[in-house]
Amino acid sequence: MEKEYKNKEVKAHALELLAVLADGNRETTDRIDSRLTEYMADVALNDGDTHNLYEVLGCLKLLRVLRAYELDVFRVRRAILLYEGEWRDDGTYIEGSGGFLFSGLLGRQHYRLRPFQVAVLAAIYAPHREVAADDMRRVVTDAVLFMTRKSGKTMMGAFIGAEHFFFGDDNAEIYCAANSQDQSKILFNTFKELIRQKDPKTQRTRLTATEVNWKPGMMRTARAAALSAGGKRKDGLFPQLGLFDEYGSADFVKGHSDMLDVVNVVQSGMGPRREPLSVFTTTAGYAVNGPFYLKLEGIKKALLGELDAAEQWVQSGAAARRDDDWQYSLVLEPDEWDRDEDTLLTCPNVWRKSNPMIGVSVQSDFYEQQVRKVRLDPNEKKEFMTKLLNVFQQDTVEEWLTPEQIRPLQEPVRIDDLDSRDGWVAFCGLDFSLGDDLHASSYLCYNRETGRFFADMDGWMTEAAIRSSSIRTLLERWVDQGWLMVSPGETLQPSLPIDRIIQLSERMTFMQFGYDPYKAKDPINVLSAWVLGEGADPKQMVVPMRQTFAAYNPAVLEMDYMVRSNPPMITFSNNPMWAWEFGNCVLATSNDGMENHKPLKRNAGSDGCKVDHVQALLTALNCYDNVQGTVQSS
């Protein structure tokens, strides 16, 4: 059935179907665990829009599979008991009842599984199919937990490994694999710690740096080992369980992926196993052409087929089996329509679509704190997007306007030399610093009579910031030459850039001021008060403009056109910081399919790589477009 699935109407329809089927199958879910019923009801309600489309579809699939196959409720309950031990009705742990201890703020503690975690175990261990008389086998052989950092994904993978070590085949082989040796050791050591808890004196098990196995003479001979991509190729494996962590970071290099090789080696050895299982636990990454990204696309396509299956179930009253029932997936990420930068950085409900452990194992204000860091240093955004929101980012950057293109356009003119009586008006972009960086004021001047554009700048840094900078000598030279101004102390005085605007306004008419609303409260209050005192409306004159791909893209394209035109449509003042900052820029392309562009630092980690005036100039150009659009439409 061909449909456009990436829209809100499809999600609304899926939620309607889930509400009907979840309510009609409470007896089945209650039979496994009441928390499974709770989870289905919570996703179906979707209060606050905290569950994405593919999580909803995953619930539809799980309900269908639970009704279409025989259920081994005992195996699910055994796994739950192994994980958490026994608990009283008031939510307190019964001492000595078993269960694992997990790391917490107050030390190692017993924890109850969250409803979505119960759903994971139910999906893996409950559905069984009859292969032959008296031969029932687990349906799911492939489980994908696409979850964020700090959501318990690695712990869940390690626990499934421990369950197989104790209750899988007597000679089960378990392999903990990842894209790097360090990551595979994290997974393996987490698994090993769980085994150690059940045998603290190692009387029955042997634990080494790379292997865990039962000692000779024990009834079981199961063993576990760590593998990593790029290591020596392993042959002769006989795995029952493959645990693959951080698969999302694996990429193809010249058509080859070491991590995919590890996955293939492990899975190709599973043929003789009655109940093999591969568990992939990963966050998003930068490998948009890597093996996991391709796998994820296939998972999503298969999940969309659950709409048809659910409709048929509602109409016929019978849950049908499907060819992809061997795969279970939990996809926690923002919906497609949540992918603009503003939404991702400001909406707590979108964060919860990616991480249901916010307020549980993750502090409720943790994401807010991380957003503050991103606002201070946009170069941290990719880590936030990939690891905490599960949004793949693409490292797509390209050269933009070079110093060699800017220098011929510089002329010995400053904004102080221009006068509104000659047809000039100005638009100002402001990028404020909290004190440890460069404050940038960029002026885009436009002559209404000639159509000519001219760009100038002012910049301030604090004394403390200059002293600690890796390019102190260069900055001090610009200070001596009058190109860069100094703000005494450690914090930028908000009145300095505003006083400069007021000084310039004696000869220049300012049409609009654009600013990044983050870290701008005090100077913008000063600027707005001055605008009001001049008899203008601050809401029309002082406009917040976020530094997003979508916001920057029109100005990037226009600036590129203005510089490359023959003859060029813009000139610059002879401030040497113009050519220097354009040389520090690379042009990044958004990975949301919209092909939007924005300038970023060439060297993200360097305090000597500034692009603030270039970004502020693009903000000023957006101000020009705002005002021109208003004039043309009036």
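Preceding block: the structure.
Residues numbered from 1 in each chain as written. Predicted model: local features only at pLDDT ≥ 70, side-chain atom pairs only at ≥ 80, totals over all residues. Heavy atoms only, no water.

Some remarks on helix 4 (residues 53–68)
- Between its first and last C-alpha atoms helix 4 spans 23 Å; for 16 residues at 1.5 Å apiece the expected length is 22 Å, and the two agree.
- Where helix 4 begins, the capping side chain belongs to Asn52, and its oxygen is found 2.6 Å from the backbone nitrogen of Tyr54. (Helix = DSSP H or I, 4+ residues; strand = E, 2+ residues; numbered from the N terminus. Expected span 1.5 Å × (residues − 1). Polar contact = N/O pair within 3.5 Å; in protein donor to acceptor, adjacent residues only side chain to side chain.)

Some words on the nonpolar core
- In this structure, Leu18, Phe159 and Phe384 are the most contacted members of the largest nonpolar core, which totals 119 residues.
- When neighbours within four sequence positions are excluded, Leu18 is seen to be in contact with Asp23, Met40, Val43, Ala44, Val56, Cys59, Leu60 and Leu63.
- Counting 46 residues, the second-largest nonpolar core is a separate cluster that includes Ile406, Met461, Leu475 and Phe572. (Core = buried A, V, L, I, M, F, W, Y, C linked by side-chain atoms within 4.5 Å. Buried < 20%, exposed > 50% of the residue type's maximum accessible area, 1.4 Å probe, protein only. Contact = heavy atoms within 4.5 Å.)

Points about the pattern of salt bridges
- A complete count under the given rule lists 43 salt bridges for this structure.
- Between Arg35 and Glu84 there is a salt bridge; the shortest N-O distance is 2.9 Å. One end of the pair, Arg35, is in helix 3 (residues 34–45); the other, Glu84, is in helix 5 (residues 73–84), and 49 residues separate them in sequence.
- By relative accessible area, Glu84 is classed as buried at 4%.
- Across the pair Arg223 and Glu173 runs a salt bridge whose closest N-O atoms are separated by 4.0 Å. (Salt bridge = Lys/Arg side-chain N within 4 Å of Asp/Glu carboxyl O.)

Quick look at the sheet that holds strand 11 (residues 327–331)
- Pairing in this open sheet of 8 strands is mixed, and the strands run 6-7-8-5-9-10-4-11 from one edge to the other. At either end of the open sheet lies a strand with only one pairing partner, and these are strand 6 (205–207) and strand 11. Across the sheet, the mean angle from the axis of one strand to that of its neighbour is 10°, orientation sign disregarded.
- Examined bridge by bridge, strand 7 (residues 211–214) and strand 8 (residues 223–228) share 3 bridges and lie antiparallel to one another. Note that in strand 8 the partner of Glu211 across the bridge is Ala225. (Pairing = 2+ DSSP bridges. Axes fitted to C-alpha atoms, helices over the stretch in contact; angles between N-to-C directions.)

Thoughts on the pairing of strand 14 (residues 424–431)
- Extensive coverage of strand 14 is indicated by the burial of 8 of its 8 residues.
- Note: strand 14 against strand 18 (residues 509–515), 6 bridges, orientation parallel. When the sheet's bridge partners are listed, Cys428 is paired in strand 18 with Phe513.

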